[in-house]
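Structure assessment
So the chains spell out like this:
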Amino acid sequence: MTDTDNERDAGDSGHEESGSRKVIYAAVFANLGIAVAKFTVAAITGSAAMLAEGIHSAVDTGNELLLLIGERNSAKPADKSHPFGYGKALYFWALLVALSVFSLGGGLSIYHGISAWRHPDPFEDPLWNYVVLAVSACFEGYSWNVSRRALNKRRKPGASLWQTVHASKDASVFTVFIEDTAALLGLAIAAVGITLGWLFDSPYFDAGASVMIGLLLVGAAFALARETGALLVGEGIGTDATRRVCQILRDDPSIEDVGKVLSMQLGPDEVLLTAAVRFNRGMRIDEVEAAIERLENAVAAAYPPIRHIYFESGALRSAMR
């Protein structure tokens, strides 16, 4: 059994980590300023939809701070208690973000919308609501574009943006992207609710918009939980990548047969892979060692995130008989 650590990818990993933090910092900057503005205008105008949007932005700000904690913890070096490092810590904190979006963002928005529906407040001039919504759209659009560009760096030809989100292993980036997408849709819902309420002189449209924003956040929370939960419990590198690794192993002249090839994502840019292979009978130990090194380099070149490769010991013993 052998293991290889691809040191040549350390620089790329650091670059990706820096890019992830840039996405988070952009989101914190945008959401914090927007939350203050929304709460201020909601207090002035009494808009339920605007209050729901303020809650949404405040929750998003807290969520980005949770992601920063996850980024910091996931960067801790491996130790005796965690020999493969702390990469999955990011997925744990991202899952907490999903729960936060569901309970605080979605739950409070729905609750306030229902409360405003039952006990509506007099509707005020919506001018300031529109000003804040427009400014918020600019800030959210900036943050969304930063996360979109980060996703596009790993976007495969012909793949949609949502397919790229699903394939992404960087929870920081796709969490911010999903949150910002929900935020932009929420702004549109709030604008429609406020406009209809003003046109028909009815606060019920505004209250209904608050409930719809809450349902939107619940949907975003489920999407986040599904993506981060799969990574947390041990998602692999996918069928196509596994097939490519198997082909690399089979193409090597020293390999007689390839059995199970298993993988697990340890972090955004770190994968553990095990392979059951049978080497050609009669090979000397030094020839097996040379073959293993050659296979490690070939697999790492084709799929750089694979930092740890283990060959099943039983297969090696049978090759050395």
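Because the structure is a prediction, the values reported are computed rather than measured. (Residues numbered from 1 in each chain as written. Predicted model: local features only at pLDDT ≥ 70, side-chain atom pairs only at ≥ 80, totals over all residues. Heavy atoms only, no water.)

Some points on the pairing of strand 1 (residues 255-267)
Of the strand pairs in this sheet, strand 1 and strand 2 (residues 270-279) are connected by nine bridges, and their pairing is antiparallel. Across the sheet, Leu262 pairs through a bridge with Thr274, a residue of strand 2. The turn joining strand 1 and strand 2, which pair antiparallel and follow one another in sequence, is formed by two residues. (Pairing = 2+ DSSP bridges. Helix = DSSP H or I, 4+ residues; strand = E, 2+ residues; numbered from the N terminus.)

What to know about a nonpolar patch on the surface
A contiguous nonpolar patch, built from Phe29, Leu127, Trp128, Val131, Val135, Phe139 and Tyr142 and spanning about 700 Å² of accessible area, is present on the exposed surface. Counting residues per element, the nonpolar patch draws most heavily on helix 4 (residues 127-152), which supplies six residues. Residue position: Val131 is located in helix 4. A relative accessible area of 35% places Val131 in the partly exposed class. (Patch = residues over 30% accessible without salt bridge, like charges linked within 9 Å, V, L, I, M, F, W, Y side chains within 5 Å. Areas by Shrake-Rupley, 256 points an atom, 1.4 Å probe, with all protein chains shown as cover. Salt bridge = Lys/Arg side-chain N within 4 Å of Asp/Glu carboxyl O. Buried < 20%, exposed > 50% of the residue type's maximum accessible area, 1.4 Å probe, protein only.)

With respect to the nonpolar core
Ranked by internal contacts, the top residues of the largest apolar core, which has 42 residues, are Met50, Phe174 and Ile178. Only helix 1 (10-45), helix 2 (48-74), helix 3 (89-118), helix 4, helix 5 (161-167), helix 6 (171-199) and helix 7 (204-232) provide two or more residues apiece to this core. Setting aside anything within four residues of it in sequence, one finds Met50 in contact with Lys38, Val41, Ala42, Asn129, Val132, Leu133 and Ile194. Val245, Ile255, Ala275 and Ile306 belong to the second-largest nonpolar core, a separate cluster that totals 24 residues. (Core = buried A, V, L, I, M, F, W, Y, C linked by side-chain atoms within 4.5 Å. Contact = heavy atoms within 4.5 Å.)

Regarding unusual backbone geometry
Here Asp201, not a glycine, exhibits a phi torsion of approximately 50°, which is positive. Looking at the element boundaries, Asp201 is found in the loop between helix 6 and helix 7.

Points about the sheet that holds strand 3 (residues 306-311)
If you walk across this open sheet you meet the three strands as 1-2-3, and the pairing is mixed. Only two strands of the sheet have a single partner each, and these edge strands are strand 1 and strand 3. Along the sheet, successive strands turn relative to each other by an average axial angle of 20°, direction set aside. The pairing of strand 2 with strand 3 spans five bridges and is parallel. Bridge pairing links Leu272 to His308 in strand 3. Relative to the sheet, helix 9 (residues 285-302) contacts strand 1, strand 2 and strand 3, its axis offset from that of strand 3 by approximately 150°. (Axes fitted to C-alpha atoms, helices over the stretch in contact; angles between N-to-C directions.)

Side note on helix 8 (residues 239-251)
Look at helix 8: 18 Å from first C-alpha to last across 13 residues, which is about the 18 Å you get at 1.5 Å a residue. Along helix 8, the positions that sit buried rather than exposed are Ala241, Thr242, Val245, Cys246, Ile248 and Leu249. Seen along its axis, helix 8 keeps its buried residues to an arc of 155°; they face one direction. Residues of helix 8 that are exposed and angled more than 90 degrees away from the buried face: Thr239, Asp240, Arg243 and Asp251. (Expected span 1.5 Å × (residues − 1). Arc of directions from axis to C-beta.)

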